[in-house]
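Structural characterization, general
One-letter residues, chain by chain:
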Amino acid sequence: MSDRIEELAAALARFPGIGPRQAKRFVYYLLTVSGHDRAKLANLISTLGEQVSQCAECFRYAEVQGGLCNYCADKSRDDSLLMVVEKDQDLLAVERAGTYRGRYFVLGGVLTLSGKGAIRERELIKMTEKRLSRGLSEIVLALSATSEGEHTADRVKELLTPYRDRVKLSLLGRGLATGSELEYADSATLSSALQNRKET
Ligand SMILES: [Zn+2]
């Protein structure tokens, strides 16, 4: 029989950013809480996929209705703007900043300089075409100010080359310090980076 502590620690260590030692700390923490709290957590995990799925337009994970998340379904948002972000957490950071009212597209990753990583290329092209028919006029590349972010922005620009005559491409202004990840940028910085975006 395998050791339950080891088994759970190994499962938690597969989480992004969590090493084996942190995973062990989580397991020992879980041993100190009540059985009720553990059951609640286990239930949240096991039913996560029932309430949350991927939005058909922006591809973020959310409680979707009719295939769309609340931002994509919201008719009052600006269809002329589409913001391209790396991951769900970046989109939420932009929403927290509260100044952007356009649409979103989540790439689902970044491309590394060594050629690793994958982004939703076909889906981006499909959504660009769909949004062009709804009045899209500008795509904002809101990627992290890291080498991977810049490399990914280059690839996205390449992918969107056929649409350049119909849509403006812009990059966030560099209020974001070099090396900083969008997810951790504060609201004021994000708002000013958005306001000072530059056509590329
Ligand atoms: Zn959506």
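As the structure is a prediction and not an experimental result, all values here were calculated from the model.

1. Quick notes on the packing of aromatic side chains
- One pass over the full model with this rule turns up three aromatic pairs.
- An angle of 70° between the planes, with centres 5.5 Å apart, marks the rings of F59 and F105 as edge-to-face. With F59 in the loop between β1 (53–54) and β2 (61–62) and F105 in strand β4 (residues 102–106), this residue pair connects regions lying 46 residues apart in the sequence.
- Judged by centre distance (6.1 Å) and plane angle (55°), the ring pair of Y71 and Y104 falls under tilted. Taken as a pair, Y71 in helix α5 (residues 70–73) and Y104 in strand β4 lie far apart in primary sequence, 33 residues in all. Comparing Y71 with Y104 shows no difference in burial state: the two are buried.
- An aromatic cluster of three or more residues is present, and its members are Y71, Y100 and Y104.

2. Thoughts on the pairing of strand β6 (residues 168–171)
- Sheet topology note: the strand β5 (residues 138–141)/β6 ladder contains four bridges and is parallel. Bridge pairing in β6 links V140 to S170.
- Each parallel crossover has a hand, and for β5 linked through helix α8 (residues 147–159) to β6 it is right-handed.

3. What about empty space enclosed by the protein?
- The full count for this structure, using the stated rule, is one cavity of 30 Å³ or more.
- Taken as a whole, the largest cavity spans an internal volume of roughly 40 Å³.
- Secondary structure elements with two or more residues in the lining of the largest cavity: α6 (88–97) and α9 (187–195).
- Top contributing element to the lining of the largest cavity by residue count: α9, with three residues.

4. Structural notes on unusual backbone geometry
- One non-glycine residue, F59, lies in positive phi territory at about 70°.
- Residue class for F59 comes out buried when judged on its relative accessible area of 15%.

5. Brief notes about the coordination of the zinc ion
- Within the first shell, the zinc ion binds the protein through C55 (SG), C58 (SG), C69 (SG) and C72 (SG), at distances of 2.3 to 2.4 Å.
- One can describe the donor arrangement at the zinc ion as tetrahedral, given that its four donor atoms subtend angles of 105 to 116° at the metal.
- Each donor residue of the zinc ion belongs to the same chain, with the gaps between them written as C-x2-C-x10-C-x2-C. With C58 in the loop between β1 and β2 and C69 in the loop between β2 and α5, this residue pair connects regions lying eleven residues apart in the sequence.
- Taking relative accessible area as the criterion, C58 reaches 1% and is therefore assigned buried.

6. Some remarks on the packing of helix α7 (residues 121–132) against α8
- Interaxial distance between α7 and α8 falls to 11 Å at its minimum, and their mutual angle equals 50°. Considering their axes alone, α7 and α8 lie oblique with respect to each other. Crossing handedness for the pair α7 and α8: right-handed. Here E121, L124 and I125 of α7 come into contact with α8, specifically with R155, V156 and L159.
- Classifying every residue of the contact of α7 with α8 by side-chain character gives four nonpolar, no polar and two charged.

7. Considerations on the environment of I45
- Its location among the elements puts I45 in helix α3 (residues 35–46).
- Remark: the alpha-carbon pair of I45 and E138, spanning 93 residues in sequence, is separated by 38 Å.

8. A short note on the nonpolar core
- Judged by nonpolar contacts, the single largest core of 24 residues is most densely connected at M83 and Y104.
- Taken together, the elements giving at least two residues each to this core come down to α5, β3 (78–85), α6, β4 and α9.
- Among the elements that take part in this core, α6 stands out by supplying four residues, more than any other.
- If we skip the residues at most four places from it in the chain, Y104 touches E57, C58, Y71, R77, L82, M83, L91, V94 and E95.
- Ranked by size, the runner-up nonpolar core spans 21 residues in total, among them L107, L124, A153 and V156.

Cut-off values and rules
- Residues numbered from 1 in each chain as written.
- Predicted model: local features only at pLDDT ≥ 70, side-chain atom pairs only at ≥ 80, totals over all residues.
- Heavy atoms only, no water.
- Phe/Tyr/Trp six-rings, centres within 6.5 Å; stacked < 30°, edge-to-face > 60°.
- Helix = DSSP H or I, 4+ residues; strand = E, 2+ residues; numbered from the N terminus.
- Buried < 20%, exposed > 50% of the residue type's maximum accessible area, 1.4 Å probe, protein only.
- Pairing = 2+ DSSP bridges.
- Right-handed = clockwise from strand over helix to strand, strands pointing away.
- 1 Å grid on protein atoms, 1.4 Å probe; cavity = no way out; pocket = protein on both sides within 12 Å on 5 of 7 lines; lining within 4 Å.
- Points joined across faces, edges and corners; volume = space filled by probe spheres on them.
- Donors = N, O, S within 2.8 Å, 3.2 Å for Na, K, Ca; no water.
- Tetrahedral: all angles 85-135°; square planar, octahedral: opposite > 155°, others 65-115°.
- Axes fitted to C-alpha atoms, helices over the stretch in contact; angles between N-to-C directions.
- Parallel < 35°, antiparallel > 145°, perpendicular 65-115°, else oblique.
- Left-handed = near helix turned anticlockwise from the far one by under 90°.
- Contact = heavy atoms within 4.5 Å.
- Nonpolar A, V, L, I, M, F, W, Y, C, P; charged D, E, K, R; others polar.
- Core = buried A, V, L, I, M, F, W, Y, C linked by side-chain atoms within 4.5 Å.

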